[in-house]
Amino acid sequence: MIISAASPVAASPASITLAEAARELVEAGRFLSLRDAVPATSGNLSRRLDARTAVITRSGVDKGELTDADLLVANIHEPPPAGSSAETPLHLHLYRERPGVAAVLHTHSIVSALLSSLREAEGEIPLRGFELLKALGDTRTHETTVLVPIFPNDQDVPRLAARVSAALARRPEAVGYLIAGHGLYAWGRSMREARRHTVALEHLLTYELEKMRLRR
């Protein structure tokens, strides 16, 4: 079982206004910054507006201090807008291919960068037996195994996005993945769910890293 959500590719979420999306992104940036998940100017956050457009954070800004001026509107079927992060294609392909995705959060926490680097050769991290697994999608039991995919980092982001897209097409229930030595991508059917998935995965990865340390 991959990171589970019963209907991750459901019908598109209801459209929201640019003002509503901006408020959610500013709040999410502060929320993640307080948890040291987006240090310096790292990470990028986005929110779907409708079936064709999404709002994404501008490159090089502190996510804990976002303002409306730090947000860009992107057509999910066109090249990323000027000023957006080089990693924008990793957001846009999720909106194109998963109509149920309403928000995507990319973090650079210590545990996501470190554990993904240590376990890169395995290609995935199995998480099993933890009660917190029930925070992922519609999972209802700890008696399951959740596999978190790991992709090698690549400065050619369109090539990386194509690789991720092909892999996730075989994992329709996925709600997150890791880029080795880089960080976590997580999404949800609402911004609330995307935030929940991000926090849960960060904690579950921390459990796994601590297990590795204790077994040495």
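Our structure's up above, just so we're on the same page.
For clarity, every value in this text was computed on a predicted model and none was experimentally measured.

## Brief notes about unusual backbone geometry
Not every positive phi belongs to a glycine, and Asp36 is a case in point at roughly 55°. In this fold, Asp36 is placed in the loop between α1 (18-34) and β1 (44-48). Take Asp36: its relative accessible area is 59%, and that puts it in the exposed class.

## Overview of the pattern of salt bridges
For the coordinates displayed, the defined rule picks out 15 salt bridges. For Glu24, the salt bridge is made with Arg47, and the minimal N-O distance between the two is 2.6 Å. Placement of Glu24 in helix α1 and of Arg47 in strand β1 is noted, with a sequence separation of 23 residues between them. The buried category is assigned to Arg47, whose relative accessible area is 6%. Arg163 is paired through a salt bridge with Asp154; the nearest N and O atoms lie 3.6 Å apart. On the accessibility criterion, Arg163 (33% relative accessible area) is partly exposed. Its relative accessible area of 12% is what places Asp154 among the buried residues. Among the charged side chains, a network of salt bridges with common partners joins Arg119, Glu122, Glu208 and Lys211.

## Some words on α1
Because an α-helix completes one turn every 3.6 residues, residues spaced three or four positions apart along the sequence face the same direction. With 17 residues, α1 should cover 24 Å at 1.5 Å per step; its first-to-last C-alpha distance of 24 Å lies within 8% of that length. Taken residue by residue, α1 has Ala21, Ala22, Glu24, Leu25, Val26, Ala28, Gly29, Phe31 and Leu32 as its buried positions. If you follow the buried residues of α1, they end up packed against β1, β2 (53-57), β3 (71-75), β4 (103-107) and α5 (191-215).

## Brief notes about the sheet that holds β4
The 8 strands are arranged β3-β2-β1-β4-β8-β7-β6-β5 in an open sheet whose pairing can be described as mixed. Edge strands, defined here as strands with exactly one partner in the open sheet, are β3 and β5 (124-128). The sheet shows a mean angle of 20° between the axes of neighbouring strands, taken without regard to direction. Here β4 pairs with strand β8 (residues 183-188) via 5 bridges, running antiparallel. Note that in β8 the partner of Leu105 across the bridge is Ala186. Docked against the sheet, helix α4 (residues 157-169) engages β6 (145-151), β7 (176-179) and β8, running at close to 155° with respect to β6.

## A word on the packing of helix α2 (residues 88-97) against α4
One way to put it is that α2 packs onto α4 with a least axis distance of 9 Å and a crossing angle of 35°. Crossing geometry of α2 relative to α4 is assigned as right-handed. Judged by residue contacts, Pro89, Leu90, His93, Leu94 and Glu97 of α2 engage Val157, Leu160, Ala161, Val164, Ser165 and Leu168 from α4. Along the lines of polarity and charge, the residues of the contact of α2 with α4 split into 8 nonpolar, 2 polar and 1 charged.

Conventions and cut-offs
- Residues numbered from 1 in each chain as written.
- Predicted model: local features only at pLDDT ≥ 70, side-chain atom pairs only at ≥ 80, totals over all residues.
- Heavy atoms only, no water.
- Helix = DSSP H or I, 4+ residues; strand = E, 2+ residues; numbered from the N terminus.
- Buried < 20%, exposed > 50% of the residue type's maximum accessible area, 1.4 Å probe, protein only.
- Salt bridge = Lys/Arg side-chain N within 4 Å of Asp/Glu carboxyl O.
- Expected span 1.5 Å × (residues − 1).
- Contact = heavy atoms within 4.5 Å.
- Pairing = 2+ DSSP bridges.
- Axes fitted to C-alpha atoms, helices over the stretch in contact; angles between N-to-C directions.
- Left-handed = near helix turned anticlockwise from the far one by under 90°.
- Nonpolar A, V, L, I, M, F, W, Y, C, P; charged D, E, K, R; others polar.

So, to be careful, I would describe these as geometric facts and stop short of saying anything about function.
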